[in-house]
Amino acid sequence: MSVTVRVDGAGVAHVEMCREKAGNAIDLAMATALLEAAGSCARTDGVRAVLLTGQGRSFCVGGDLREFAPLSGDRLAAHLTAVTDALHGALRVFAGLDAPLVAAVQGAVAGAGLGLAAAADLTLAASDATFVAAYTGIGYSPDAGVSWSLPRLVGPKRALDLLLTNRRIAAPEAAEMGLVSRVVAADRLAGAAAETAAALARGATGALGATRRLVAAGLSTGLDGHLEEEARHLADAAVSAEGREGVAAFLAKRDPDWARARAGFVTEFK
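Enquirer: If you had to explain the side chain of Ser 58 to someone new, which residues and values would you point to?
Expert: Note that Ser 58 resides in the loop between strand S3 (49-54) and helix H2 (65-68). Within the structure, the side chain of Ser 58 is placed 3.3 Å from the backbone nitrogen of Ala 108, a separation counted as a polar contact. Filtering out sequence-adjacent residues up to four positions away, Ser 58 remains in contact with Gly 23, Asn 24, Gln 106, Gly 107 and Ala 108.

Enquirer: Give a description of the side chain of Glu 242 that names residues and reports values.
Expert: Tracing the backbone through its elements, the reader meets Glu 242 in helix H11 (residues 241-252). Residue classification places Glu 242 among the buried positions, given a relative accessible area of 11%. Excluding residues that lie within four positions of it along the chain, Glu 242 makes contacts with Ala 204, Thr 205, Gly 206, Ala 207, Trp 258, Ala 261 and Arg 262.

Enquirer: A description of the nonpolar core should follow, citing residues and the corresponding values.
Expert: The biggest cluster of nonpolar side chains holds 56 residues, and the ones touching the most others in it are Val 50, Phe 131 and Leu 179. Leave out the neighbours within four places in its chain, and Val 50 touches Ala 13, Val 15, Cys 41, Phe 94, Leu 97, Ala 99, Pro 100, Leu 101 and Val 102. If you look at the next biggest cluster of nonpolar residues, it comprises 14 residues, including Val 12, Leu 124, Leu 200 and Ala 201.

Enquirer: Which residues make up the sheet that holds strand S8 (residues 169-170), and what are the values?
Expert: Pairing between the strands of a sheet comes from backbone hydrogen bonds, and it takes one of two forms, parallel or antiparallel. In spatial order, the strands read S5-S7-S8; together these 3 strands make up an open sheet with mixed pairing. Edge strands, defined here as strands with exactly one partner in the open sheet, are strand S5 (108-110) and S8. The sheet contact formed by strand S7 (residues 130-132) and S8 spans 2 bridges and is antiparallel. Pairing of Phe 131 across the sheet is with Ile 169, part of S8. The strands touched by helix H4 (residues 112-119) are S5 and S7; relative to S5, the strand with the most contacts, the crossing angle is about 95 degrees.

Enquirer: Describe empty space enclosed by the protein, and please don't skip the residues or the numbers.
Expert: Inspection of every chain in the model, using the stated rule, returns 1 cavity of 30 Å³ or more. In this structure, the largest cavity spans a volume of roughly 40 Å³. Taken together, Leu 114, Phe 131, Val 132, Ala 133, Leu 162, Arg 167, Ile 169 and Leu 179 make up the lining of the largest cavity. Its residues assigned to classes, the lining of the largest cavity comprises 7 nonpolar, no polar and 1 charged.

Enquirer: An account of the pairing of strand S4 (residues 101-105) is needed here, citing residue identities and associated values.
Expert: Where burial is concerned, most of S4 is hidden: 5 out of the 5 residues are buried. Here S4 shows two buried faces, one formed by Leu 101, Ala 103 and Val 105 and the other by Val 102 and Ala 104. With 4 bridges connecting them, S4 and strand S6 (residues 122-126) associate as parallel partners. Its bridge partner lying in S6, Ala 104 is registered against Leu 124.

Enquirer: Describe the sheet that holds S3, with residues and values.
Expert: Ordered in space as S1-S2-S3-S4-S6-S9, the 6 strands form an open sheet in which the pairing is mixed. For this open sheet the edge positions go to strand S1 (3-7) and strand S9 (182-184), each flanked by a neighbour on one side alone. If you compare each strand with its neighbour and ignore which way they point, the axes differ by 20 degrees on average. For strand S2 (residues 12-17) and S3, the ladder comprises 6 bridges, and the chain directions are parallel. In the sheet register, Met 17 faces S3, and the bridge partner there is Gly 54. Against the sheet, helix H8 (residues 189-201) touches S2, S3, S4, S6 and S9, its axis set at about 165 degrees to S6.

Enquirer: Outline the packing of H4 against helix H5 (residues 146-154), listing residues and values.
Expert: Between H4 and H5, whose axes approach to 9 Å, the crossing angle comes to 50 degrees. By the angle between their directions, the pair H4 and H5 is classed as oblique. Crossing handedness for the pair H4 and H5: left-handed. Contacts between H4 and H5 pair Leu 114, Gly 115 and Ala 118 from the former with Val 146, Ser 149, Leu 150 and Leu 153 from the latter.

Parameters and conventions
- Position labels on residues start from 1 in each chain and follow its written sequence.
- Local features are withheld for residues below a pLDDT of 70 in this predicted model, meaning they are given only at 70 or higher, and side-chain atom pairs are given and counted only at 80 or more; totals for whole chains, interfaces and linings count all residues.
- Heavy atoms from the whole structure form the basis of all side-chain values; hydrogens and water molecules are not counted.
- Only DSSP runs of H or I reaching four residues or more are called helices, and only runs of E reaching two or more are called strands; each is numbered from the N terminus.
- The term polar contact refers here to a pair of N or O atoms within 3.5 Å; inside protein, the definition further demands a hydrogen-donor-capable atom paired with an acceptor-capable atom, and it admits residues adjacent in sequence only when both atoms are side-chain atoms.
- Here a residue-residue contact requires only that any non-hydrogen atoms of the pair lie within 4.5 Å.
- Here the term buried applies to any residue with accessible area under 20% of the maximum for its type, exposed to any over 50%, and partly exposed to those in between, with areas from a 1.4 Å probe on protein chains only.
- Residues grouped as a nonpolar core are buried Ala, Val, Leu, Ile, Met, Phe, Trp, Tyr and Cys residues, joined through side-chain atoms within 4.5 Å.
- In short, DSSP must find at least two bridges between two strands for them to pair.
- Axis lines are fitted through C-alpha atoms, for helices just across the contact stretch, and the angle between N-to-C directions can take any value from 0 to 180 degrees.
- A pocket, in this scheme, is an open set of points on a 1 Å grid over the protein atoms alone with protein on both sides within 12 Å along at least 5 of 7 lines, while a cavity is a set where a 1.4 Å probe fits but cannot get out; residues line either one if an atom lies within 4 Å of a point.
- Grid points are joined across faces, edges and corners, and a volume is the space filled by probe spheres set on the points.
- Under the scheme applied, nonpolar residues are Ala, Val, Leu, Ile, Met, Phe, Trp, Tyr, Cys and Pro; charged residues are Asp, Glu, Lys and Arg; polar residues are all the others, including Gly.
- Under this scheme an angle from 65 to 115 degrees is roughly perpendicular, one under 35 degrees roughly parallel, and one over 145 degrees roughly antiparallel; angles in between are oblique.
- In this scheme the handedness of a crossing depends on how the near helix is turned from the far one: anticlockwise by less than a right angle means left-handed, clockwise means right-handed.

Pasting the structure below:
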């Protein structure tokens, strides 16, 4: 299997790309497997956070050029369309989940790997990670949402600098410009990412999902419309089991019992 999915007892779906010898390069099989993995996360009850990782020394080096190179003309165009259809489908499914997406990246992060890292709500980078767009260096244009997510994370000028020059940047600079959330020591990456995903899984899943959608929508909607969406989501959250439990816990000066709320028990105020 080029991608594995395992849901642990805390409700974290561990999605791992497993083409270690190829730097987790994305071929058609992996793109299809990522789409299937995303669908599995969406269909599985109890998934409250997703942790995306890449096996081995590199997170993901981008598209598998060795698979693309023998093809030409219509066959190449059709093959690339199939790869991007599956990969983009996976990104759409992950974006639509209530469960937050955490990415743990190490080593080389290039091309579509950059898109996967940028798509996560929280991206933890090992201190040895490096980032490069790579597309125009081989005469290609971006995919995996890179031309959409990168300007929103780092600004259009910095995005074009990375996309047009293929300048490779180290993890500290990636954090400084907003491409990753934080940098951790390489030997701490797995533990820190697992702790982050587990902490999110213990949270109010409905509120987390509404928040991630509001932030994404706010980058492209007008203020008036966005304020209406905030009001609607807030009202929905307030009357939900999670919202009732959160306020009751605050007033009682105790920790919220999100598991009870997720099970459908609505806390009554006394």
